[in-house]
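What the coordinates show
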Amino acid sequence: MNEEFLYYLWQYHFQGKCLNGTQNETFCILHPGQRNTNSGPDFFNARIKIGTTLWAGNVEIHVRSSDWYKHGHQHDHQYDNVILHVVYTDDHPVVRRNGERLPTLVLKEKFDEKLFHTYRNFLASKRWIPCENLITRAGHFHITNWLYRLAIERLERKAREMERLLASEKNDFREMFYQKLLENYGFQINNQAFAQLARRLPYSVLAKHKNHLLQIEALLFGQAGMLNQPFSDNYPHQLQQEYRFLSKKYNLTALDPGIWRFMRTHPSNFPTLRIAQFAGLFYRSTSLLQKMLESKQLTDVINLLQTQASVYWKTHYQWEKSSPLHSTKMGKTSIFILLINTIIPFLFVYSRQMEQPELSEKALNWLAQLPAEKNRITRHFSALGLIPDNALQSQALLRLKKYYCNPKQCLHCSIGHQLLKSL
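Report follows, based on the coordinates. (Residues numbered from 1 in each chain as written. Predicted model: local features only at pLDDT ≥ 70, side-chain atom pairs only at ≥ 80, totals over all residues. Heavy atoms only, no water.)

Helix and strand counts for the protein stand at 17 helices and nine strands. Principal-axis analysis of the C-alpha atoms gives the protein an extent of 95 × 45 × 40 Å. A separation of at least 24 residues holds for 59% of the contacts in the protein among residues at least 6 apart in sequence. Surface summary for the protein: the accessible area is close to 20,700 Å², and the carbon and sulfur share equals 48%. Treating the 52 positive side-chain charges of the protein as one cloud and the 35 negative ones as another, the clouds have centres 7 Å apart. (Helix = DSSP H or I, 4+ residues; strand = E, 2+ residues; numbered from the N terminus. Contact = heavy atoms within 4.5 Å. Areas by Shrake-Rupley, 256 points an atom, 1.4 Å probe, with all protein chains shown as cover. Lys, Arg positive; Asp, Glu negative; His and termini not counted. Charge placed at Lys NZ, Arg CZ, Asp CG, Glu CD.)

For the coordinates displayed, the defined rule picks out 33 aromatic pairs. Summarising the aromatic geometry, the rings of tyrosine 235 and tryptophan 319 are spaced 6.2 Å apart at their centres and angled 40° between planes, so their arrangement reads as tilted. With tyrosine 235 in helix H9 (residues 234-250) and tryptophan 319 in the loop between strand E8 (316-318) and strand E9 (321-322), the pair connects residues that are 84 residues apart, well separated along the chain. An identical accessibility class is assigned to tyrosine 235 and tryptophan 319; each is buried. These aromatic residues form a ring-pair network of at least three members: Phe5, Tyr8, Tyr12, Tyr88, Phe111, Phe116 and Tyr119. The side chain of arginine 399 reaches across the aromatic face of tyrosine 403, ending 4.1 Å from its centre. Lying across the ring of tryptophan 128, lysine 401 places its NZ or CZ 4.2 Å from the centre. (Phe/Tyr/Trp six-rings, centres within 6.5 Å; stacked < 30°, edge-to-face > 60°. Buried < 20%, exposed > 50% of the residue type's maximum accessible area, 1.4 Å probe, protein only. Lys NZ or Arg CZ within 6 Å of the ring centre and 35° of its normal.)

Moving on, we come to the pairing of strand E6 (residues 82-89). Within E6, seven of the eight residues are buried, which leaves it mostly tucked inside the rest of the structure. As paired elements, strand E5 (residues 53-64) and E6 share six bridges and run parallel to each other. Residue pairing for E6: valine 59 is matched across the bridge by leucine 84. In this structure, E6 lies alongside strand E7 (residues 104-106), joined through three bridges in parallel fashion. (Pairing = 2+ DSSP bridges.)

Moving on to the side chain of serine 323. Relative to the helices and strands, serine 323 resides in the loop between E9 and helix H13 (332-354). The contact partners of serine 323, leaving out residues within four places of it in the chain, are Thr315, His316 and Tyr317.

By secondary structure assignment, the location of arginine 399 is in helix H16 (residues 391-405). Sequence separation between arginine 399 and aspartate 42 is 357 residues; the distance between their C-alpha atoms is 26 Å. Contacts of arginine 399, omitting those with residues within four sequence positions, involve Leu150, Glu153, Arg154, Arg157 and Tyr404.

Turning our attention to the state of the cysteines. What is meant by a disulfide is a covalent connection between two cysteines, made through their sulfur atoms. Evaluation of the coordinates by the stated rule reveals one disulfide. The disulfide that involves cysteine 18 links it to cysteine 28, with 2.0 Å between the sulfurs. Sign of the S-S torsion, about 110° for the bond between cysteine 18 and cysteine 28, identifies this disulfide as right-handed. Of this pair, cysteine 18 sits in strand E1 (residues 18-20) while cysteine 28 sits in strand E2 (residues 26-31), and the two are ten residues apart along the sequence. Note on cysteine 28: relative accessible area 13%, which makes it buried. Free cysteine cysteine 131: the closest other cysteine sulfur is in cysteine 405, separated by 6.0 Å. Judged by its relative accessible area of 11%, cysteine 131 is buried. With no disulfide partner, cysteine 413 has as its closest neighbouring cysteine sulfur the one in cysteine 405, 6.2 Å distant. Since its relative accessible area comes to 8%, cysteine 413 is described here as buried. (Disulfide = S-S within 2.5 Å.)

So, about helix H14 (residues 357-369). Under the 1.5 Å per step criterion, the end-to-end length of H14 is 19 Å for 13 residues, consistent within 8% with the ideal 18 Å. In this fold, the buried residues of H14 make contact with helix H4 (140-168), helix H11 (288-294), helix H12 (298-304), H13 and H16. (Expected span 1.5 Å × (residues − 1).)

Here the focus is the packing of H4 against helix H5 (residues 173-184). Where H4 contacts H5, the axes come no closer than 9 Å and their chain directions differ by 130°. Viewed along their axes, H4 and H5 adopt a mutual orientation that is oblique. In the packing of H4 onto H5, the handedness of the crossing is right-handed. Contacts between H4 and H5 involve Met162, Leu165 and Leu166 from the former and Phe173, Met176, Gln179 and Lys180 from the latter. (Axes fitted to C-alpha atoms, helices over the stretch in contact; angles between N-to-C directions. Parallel < 35°, antiparallel > 145°, perpendicular 65-115°, else oblique. Left-handed = near helix turned anticlockwise from the far one by under 90°.)

Even without a glycine there, the phi angle at glutamate 109 is positive, about 70°. Residue position: glutamate 109 is located in the loop between E7 and helix H3 (114-124). Of the residues examined, glutamate 109 reaches a relative accessible area of 72% and is grouped as exposed. Its identity as a non-glycine residue notwithstanding, phenylalanine 187 has a phi of 50°, on the positive side. Here phenylalanine 187 is to be found in helix H6 (residues 187-200). Assessed through its relative accessible area of 12%, phenylalanine 187 is described here as buried.

This paragraph deals with the environment of glutamine 241. By the secondary structure assignment, glutamine 241 is in helix H9. The spatial distance from the C-alpha of glutamine 241 to the C-alpha of leucine 227 is 9.4 Å, given a sequence separation of 14 residues.

Written as structure tokens, this is what we have:
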């Protein structure tokens, strides 16, 4: 037996029930209280009727009653207002600081032991997820509701990261949005390099040249360290000349070009093309941030992100290396990733910071309109019968796998609760 399982039992299995205590008193649990994850008693503000008296206060839970002394609670004032000691076994009477015996409720033999055996099997499981053979038994309704909650949890985690960046940028939403958007143009392989580029080239500098595409490109490629070589093609040579002037004007220092990764990368995801695509977006989309906030339709934002790069990139993926004619627009899949990782979390942050709840609702609606992601984790869940209908659900499955299934937090998972209840 462990305390985590006893917390679960107390929180979900005994509300509304009347049970006998160690001194033949009757405990009617009207409300188990709220779980406390900080120091102090395990549950706050419980309401329990002991005999004919209604008590409101805190509850402490242990595997053995002697753990009260083992943990030193007899010396801690935070435990003076505990109204009930809930234990699995009572091996030692517990006395309050004033000499009164603390009411104790023993849970052993008051629940179906199969629950604990099932939970223990989850913990011992070596499968991809602990409930792999049972998960669909939780039922469509419970799974769908839980996935919605997990999608919000994942959005909140991304929002916290953005809020930390926002604070470091003195609550400048434009700078924060620019940095996160440019960072995510690097996608998985070059995102850290793009993040460095965003920090090395502030929005305030780039925005001064928003009406001149060649200067935007010169600043981006120059700060990326990609113009430090001799060129024979006219276009990169022009960029080089522009950057020499602008870098002196703003006292800029370029990045080490060695940070960019081209190996084992599809040409359409080369950082050169991604930078050119971002430059095209920055040039053609004035007041980009405002458009993202004001757009009602997801399709409008998708169309906005499909801007083309300069003509040079229609026949190049790298400097001075010609390639067959190709589109310079960002593909739909890449746009969906930008929406999931940048645009939608930003709406969530802006909604919270500016107290505009309608933007949070829009963020969740847009997430539900995007197609489900296809990756190793979503494919494995699909094989188990959990097939995501949209990006909201696929994002939720990523959260479920990483934060609940991998660490075996089954007792904190709604699917785990439902499976334990149904067995």
